[in-house]
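Listed below are the residues making up each chain.
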Amino acid sequence: MRLKNRKEVDVRLREYVDNLIIYPSMVNSLISGEMNDEFFTHLAEFGKRLDFVDCMDVDDATKQQRSLVKAIEEIKVDFNILRLHCGNRIRDAVFRKFAEIRQDSNIEMFQKEVLLKLSEGMHFLQRHLPVYYEEIAKKYCEIMRHIFFQIFAEYSAAFLIGCLVDRRLKARLYEIAPSEEVIVPAKQKTSLLKKASSVSSVSPFVLSDRHTVIDFLRSPPLLPSILAEEKTLINYPEFFRSIQRHLIDCSLGEFAFEVLFFDPEDTKMLIEVIGAACEELHLTTVNWVRGSFDVVGVMILCILLQAAVEELAKEGVPILQEFFLKWGLERRD
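Predicted model, so just to flag it, every value in this text is computed and none were measured.

1. Focus on the overall build of the protein chain
- A tally of helices and strands in the protein chain yields 14 helices and two strands.
- Residues classed as buried in the protein chain amount to 39% of the 333 residues present.
- Long-range pairs, those at least 24 residues apart, make up 78% of the contacts in the protein chain between residues at least 6 apart in sequence.

2. Let's talk about helix α12 (residues 268-290)
- For α12, built from 23 residues, the straight-helix expectation of 33 Å at 1.5 Å per residue is met to within 8% by its first-to-last C-alpha distance of 31 Å.
- A bend of about 50° at Ile274 is the largest found in α12.
- Turning to α12, its buried residues are Met269, Leu270, Val273, Ile274, Ala277, Cys278, Leu281, His282, Thr284, Thr285, Val286 and Trp288.

3. Quick look at the pattern of salt bridges
- In the structure shown here, the tally under the stated rule is nine salt bridges.
- Between Asp57 and Arg127 there is a salt bridge, with the nearest N and O atoms lying 2.4 Å from each other. One end of the pair, Asp57, is in the loop between α3 (37-53) and α4 (60-67); the other, Arg127, is in helix α7 (residues 119-128), and 70 residues separate them in sequence.
- When the shortest N-O distance is used, the salt bridge between Glu135 and Arg91 registers 3.1 Å. Remark: Arg91 occurs in helix α5 (residues 70-98) and Glu135 occurs in helix α8 (residues 130-172); sequence separation between them is 44 residues.
- The partly exposed category is assigned to Glu135, whose relative accessible area is 34%.
- Within the structure, one salt-bridge network assembled from shared partners comprises Arg218, Arg245, Asp249 and Glu311.

4. Remarks on helix α2 (residues 24-32)
- Of all the residues in α2, the buried ones are Met26, Ser29 and Leu30. The buried residues of α2 occupy an angular sector of 90° when projected down its axis, which confines them to one face. For α2, exposure combined with an orientation more than 90 degrees from the buried face picks out Pro24 and Ser32.
- On its buried side, α2 packs onto α3 and α5.

5. Quick look at unusual backbone geometry
- Positive phi outside glycine occurs at Cys55, with the angle close to 55°.
- Its place among the elements puts Cys55 in the loop between α3 and α4.
- Positive phi outside glycine occurs at Asp263, with the angle close to 50°.
- Looking at Asp263, the relative accessible area reads 42%, which means it is partly exposed.

6. Things to note about the side chain of Thr284
- Within the secondary structure, Thr284 is located in helix α12.
- Judged by its relative accessible area of 17%, Thr284 is buried.
- Discounting chain neighbours no more than four positions away, the residues touching Thr284 are Ser156 and Tyr236.

7. Quick notes on the environment of Phe240
- In this fold, Phe240 is placed in helix α11 (residues 236-261).
- When its relative accessible area of 0% is taken as the criterion, Phe240 is described as buried.
- Sequence separation of Phe240 and Thr284 is 44 residues, and the distance between their C-alpha atoms is 9.8 Å.

8. Things to note about the nonpolar core
- Among the nonpolar cores identified, the biggest contains 66 residues, and Phe46, Phe98, Ile101, Leu125, Phe261 and Phe262 are the most heavily contacted of them.
- Per-element accounting of this core gives the leading share, 14 residues, to α8.
- Once residues lying within four places of it in the same chain are set aside, the contact partners of Phe262 are Met122, Gln126, Tyr133, Ile136, Ala137, Tyr140, Phe257 and Met269.

9. Observations regarding a negative patch on the surface
- A surface patch of negative charge is lined by Glu134, Asp263, Glu265 and Asp266.
- Tracing the chain through its elements places Asp263 in the loop between α11 and α12.

10. Side note on the packing of α11 against α12
- Running from N to C, α11 and α12 point in directions that differ by 175°, and their axes come no closer than 11 Å. Taken together, the axes of α11 and α12 lie roughly antiparallel to each other. Where α11 approaches α12, its residues Tyr236, Pro237, Phe240, Ile243, Leu247, Ser251, Glu254, Phe255 and Glu258 are matched on the opposing element by Met269, Leu270, Val273, Ile274, Cys278, Leu281, Thr284, Thr285 and Trp288.
- Looking at the contact of α11 with α12 residue by residue, the classes come out as 13 nonpolar, three polar and two charged.

11. Observations regarding the packing of aromatic side chains
- According to the stated counting rule, one finds 15 aromatic pairs in the structure shown.
- Between Phe39 and Phe40, the ring centres sit 5.1 Å apart and the planes meet at 85°, which makes this aromatic pair edge-to-face.
- Since its relative accessible area comes to 0%, Phe39 is described here as buried.
- The structure contains a cluster of three or more aromatic residues connected by ring pairs, namely Phe95, Phe98, Tyr133, Tyr140, Phe257, Phe261 and Phe262.
- Arg91 extends its terminal NZ or CZ atom over the ring of Tyr132, reaching a point 4.3 Å from the ring centre.

How each quantity is defined
- Residues numbered from 1 in each chain as written.
- Predicted model: local features only at pLDDT ≥ 70, side-chain atom pairs only at ≥ 80, totals over all residues.
- Heavy atoms only, no water.
- Helix = DSSP H or I, 4+ residues; strand = E, 2+ residues; numbered from the N terminus.
- Buried < 20%, exposed > 50% of the residue type's maximum accessible area, 1.4 Å probe, protein only.
- Contact = heavy atoms within 4.5 Å.
- Expected span 1.5 Å × (residues − 1).
- Bend = angle between axes of the 7 residues up to and from the residue.
- Salt bridge = Lys/Arg side-chain N within 4 Å of Asp/Glu carboxyl O.
- Arc of directions from axis to C-beta.
- Core = buried A, V, L, I, M, F, W, Y, C linked by side-chain atoms within 4.5 Å.
- Patch = residues over 30% accessible without salt bridge, like charges linked within 9 Å, V, L, I, M, F, W, Y side chains within 5 Å.
- Areas by Shrake-Rupley, 256 points an atom, 1.4 Å probe, with all protein chains shown as cover.
- Lys, Arg positive; Asp, Glu negative; His and termini not counted.
- Charge placed at Lys NZ, Arg CZ, Asp CG, Glu CD.
- Axes fitted to C-alpha atoms, helices over the stretch in contact; angles between N-to-C directions.
- Parallel < 35°, antiparallel > 145°, perpendicular 65-115°, else oblique.
- Nonpolar A, V, L, I, M, F, W, Y, C, P; charged D, E, K, R; others polar.
- Phe/Tyr/Trp six-rings, centres within 6.5 Å; stacked < 30°, edge-to-face > 60°.
- Lys NZ or Arg CZ within 6 Å of the ring centre and 35° of its normal.

Okay, structure coming up:
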């Protein structure tokens, strides 16, 4: 009986000792060590000790039992000091990396090779310093929302430039040409881009070769810099194909990063990041549809929207699926 009691006491004491002792090597690493694999290993171990002291994920009986242990109350002060120190180091490191994000850089590569190395630190903050976690998440959303909006605002600007070129070309149709000038019909080309010198007017009720934009559905998007080139014409379905492809690719990559880095409970962060860009694209598209007599173009646009909804259903990102589905319903109205 005595032996059994001793074993029970030993097991109970060992549990407390293992979860309350912090070795000097761990403290030194967390306070002044480089943020490498060793640092994050020690951070994970320290996080387990904080879970024990803070009674995380335990029942009420266990909380009551631990509250009576004087050693836990005494060590909480030191643990909280170290907790804040770790939090400050992680927050400052993340903010320094955020400052390096640039619109013209490869953001997806930067997220994978730089930011994700700090993901374990973010998970520590999420669990043990949620105020710091929310501060970082808010800052990230501000940066990425601005970048996303600028990218897709450039698409709208590029399309407006194309519209101006198109208007100038249509005006030239009524100019009187010299008698010696020979009229040669332009050759049709299967391409996403058409040069101004080879574009002829197309009836809004004629399909012509415009259906080929659907063949390029999953092709890489044409960037705004290409679309804004002088003498480059592109109709709205072709323009929308590129911007839709870019939006889906960027959003899926962004969502995957946020899951790994922030481990969010829902899609609010993704909505915060891409919301303004989506509204910009939405407004541009609605204005085109309302002012367009291009029946075939609107039909092609609906096909592109339906394809986006089906693709996003497979990817498991319901917020984007609902976004494009809403457009499809508006087109019908």
